[in-house]
Amino acid sequence: MVAVSNLVKALLASSAAQNVQELNRLAAFGGIVGCDISNTTDKINLGPINNAFQANFTPTFMGLAFGTQNYTCSPSNNFTNIGAVAELFDVSCLVNATFLNDLQIPLFNAWSTFPSLTVQDFIEFFHESNAPEVLAQHYFIPNPITGQGLSPTWDFRSSGNPKFVGVDEAIFVGKGVASVPAPHNATDVAWLNVANIGQGKGGQIADQVFRTNTIGGQPPSNCTFGESLDITVKYSSFYYFFGGSLGGPNNSTS
């Protein structure tokens, strides 16, 4: 069985020795997924986005993600977000680890060492092994209610959890509720709260999702409309899932 530590080590194959300590910490927890986090709200760092949290929802899934934020140049000569693509690992069993809120750092550093590979390349690699540590994929789809614009989506149907295979509702399609600037660096994308889009179109994985602990993802400050190409900017973050009828340890691998 490929463990979280081995998946991350694949990313770190050519990274600097400074990541070794973080990897050793990960290795101690390798291969353990699907832990119950329903009583760990106090361990979850929602930081500056915490005011959007609704206490009636129970935490169900924790994902450590790496991927890209995608941009196009607007007529105002600045980059506008047109979606994202990311792979999420199940890190629910690390919820009590003292180093939990730093895990995105070595992952981002490693991800940055692969300029010629896309996140899709890694998604294909991980899915060939059907690794149980793969929690979900994040991408955008046309808004399923209005048909206008794009909606953020987290898809558990091709994860490493066999209970979600073929389950159409094992998906979360959302709409933005709150956004706050990342608290550490201007180069980090915002922390977000996203609510289920509802009307039977948002799936049953969760009622809301939070993006926190972001690193990277912000585009350059300006571009030239009609000349600048679309760009992808690498990032890493945590995604916390709350509520949803498909959430919880009874629907996770162990």
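Cut-offs and rules
- All residue numbers refer to positions counted from 1 along the written sequence of the respective chain.
- For a predicted model such as this one, the threshold for reporting local features is a pLDDT of at least 70, and the threshold for listing and counting side-chain atom pairs is 80 or more; totals across whole chains, interfaces and linings nevertheless cover every residue.
- In computing side-chain properties, one takes all heavy atoms of the structure into account and sets aside hydrogens as well as water.
- The criterion for strand pairing is that DSSP finds at least two bridges linking the strands in question.
- Every helix listed is a DSSP run of H or I at least four residues long, and every strand listed is a run of E at least two residues long, numbered separately from the N terminus.
- In this description, a line fitted to the C-alpha atoms serves as the axis of each element, helices being fitted only across the stretch in contact, and the angle between N-to-C directions of two axes falls anywhere from 0 to 180 degrees.
- What makes two residues a contact is simply this: any of their non-hydrogen atoms within 4.5 Å.
- Think of it in three bands: with a 1.4 Å probe and only protein chains considered, a residue is buried below 20% of the maximum accessible area for its type, exposed above 50%, and partly exposed in between.
- Throughout, a disulfide means two cysteine sulfur atoms within 2.5 Å of one another.
- Geometry of aromatic contacts follows a simple scheme: Phe, Tyr and Trp rings, the Trp one being its six-membered ring, pair when their centres are within 6.5 Å, and the pair is stacked under 30 degrees between planes, edge-to-face over 60, tilted otherwise.
- Only one rule defines a salt bridge in this text: a Lys or Arg side-chain nitrogen within 4 Å of an Asp or Glu carboxyl oxygen.
- Working definition of a nonpolar core: buried Ala, Val, Leu, Ile, Met, Phe, Trp, Tyr and Cys residues. They are joined through side-chain atoms within 4.5 Å.

Colleague: Help me out: how do you make sense of the sheet that holds strand β8 (residues 231–242) in this one?
Modeller: The strands that make up a sheet are held in pairs by hydrogen bonds between backbone atoms, and each pair lies either parallel or antiparallel. Pairing within the closed barrel is antiparallel, and its eight strands lie in the order β1-β2-β3-β4-β5-β6-β7-β8. Neighbour-to-neighbour, the strand axes of this sheet turn through a mean angle of 35°, independent of strand direction. The pairing of strand β3 (residues 134–142) with strand β4 (residues 150–155) spans six bridges and is antiparallel. When the bridges of β4 are listed, Phe 140 appears paired with Pro 152. In the packing of helix α3 (residues 104–111) onto the sheet, the strands contacted are β1 (59–73), β2 (79–90), β7 (208–216) and β8, and the crossing angle to β8 comes to about 155°.

Colleague: When you look at α3 in this model, what are you seeing that I'm missing?
Modeller: An α-helix turns once every 3.6 residues. As a result, residues three or four positions apart point the same way. Within α3, six of the eight residues are buried, which leaves the element mostly enclosed by the surrounding structure. Taken together, the buried positions of α3 are occupied by Gln 104, Pro 106, Leu 107, Phe 108, Ala 110 and Trp 111.

Colleague: Can you walk me through the state of the cysteines in this structure?
Modeller: What we call a disulfide is simply a covalent bond connecting the sulfur atoms of a pair of cysteines. Counted according to the given criterion, the structure contains two disulfides. Here Cys 35 pairs with Cys 93 through a disulfide, and the sulfurs are 1.9 Å apart. Judged by the sign of its S-S torsion, about 95°, the bond between Cys 35 and Cys 93 is right-handed. Placement of Cys 35 in the loop between α2 (20–27) and β1 and of Cys 93 in the loop between β2 and α3 is noted, with a sequence separation of 58 residues between them. Note that Cys 73 is cross-linked by a disulfide to Cys 223, the S-S spacing being 2.1 Å. Between Cys 73 and Cys 223, the S-S torsion sits near 95°, and that sign places the bridge as right-handed. One end of the pair, Cys 73, is in strand β1; the other, Cys 223, is in the loop between β7 and β8, with 150 residues separating them in the sequence.

Colleague: How should the packing of aromatic side chains be read in this particular structure?
Modeller: Per the stated rule, a full pass over the model turns up 15 aromatic pairs. Between Phe 61 and Phe 164, the ring centres sit 6.2 Å apart and the planes meet at 70°, which makes this aromatic pair edge-to-face. One end of the pair, Phe 61, is in strand β1; the other, Phe 164, is in the loop between β4 and β5 (171–180), and 103 residues separate them in sequence. On the basis of an interplanar angle of 70° and a centroid distance of 5.1 Å, the ring pair of Phe 66 and Trp 111 is categorised as edge-to-face.

Colleague: Explain the pattern of salt bridges to me, please; I cannot follow it from the model alone.
Modeller: When their charged atoms lie close together, side chains carrying opposite charge are able to pair. With the rule as written, the count across this model stands at one salt bridge. Two residues, Arg 157 and Asp 155, come together in a salt bridge whose shortest N-O distance is 2.9 Å. In this structure Arg 157 comes out as partly exposed when scored by relative accessible area, which is 30%. Overall, the relative accessible area of 8% leaves Asp 155 in the buried class.

Colleague: Can you help me understand the nonpolar core in this one?
Modeller: Soluble globular proteins tend to bury their nonpolar side chains together. Residues Met 62, Phe 66, Phe 238 and Tyr 240 are the most contacted members of the largest nonpolar core, which totals 32 residues. Among the secondary structure elements, those contributing two or more residues to this core are β1, β2, α3, α4 (119–128) and β8. Sort the elements by how many residues they give to this core and α4 lands first, with four residues. Within the second largest apolar cluster, 25 residues are counted, among which are Phe 164, Ala 170, Val 233 and Phe 241.

Any functional reading would require information beyond the geometric quantities listed.
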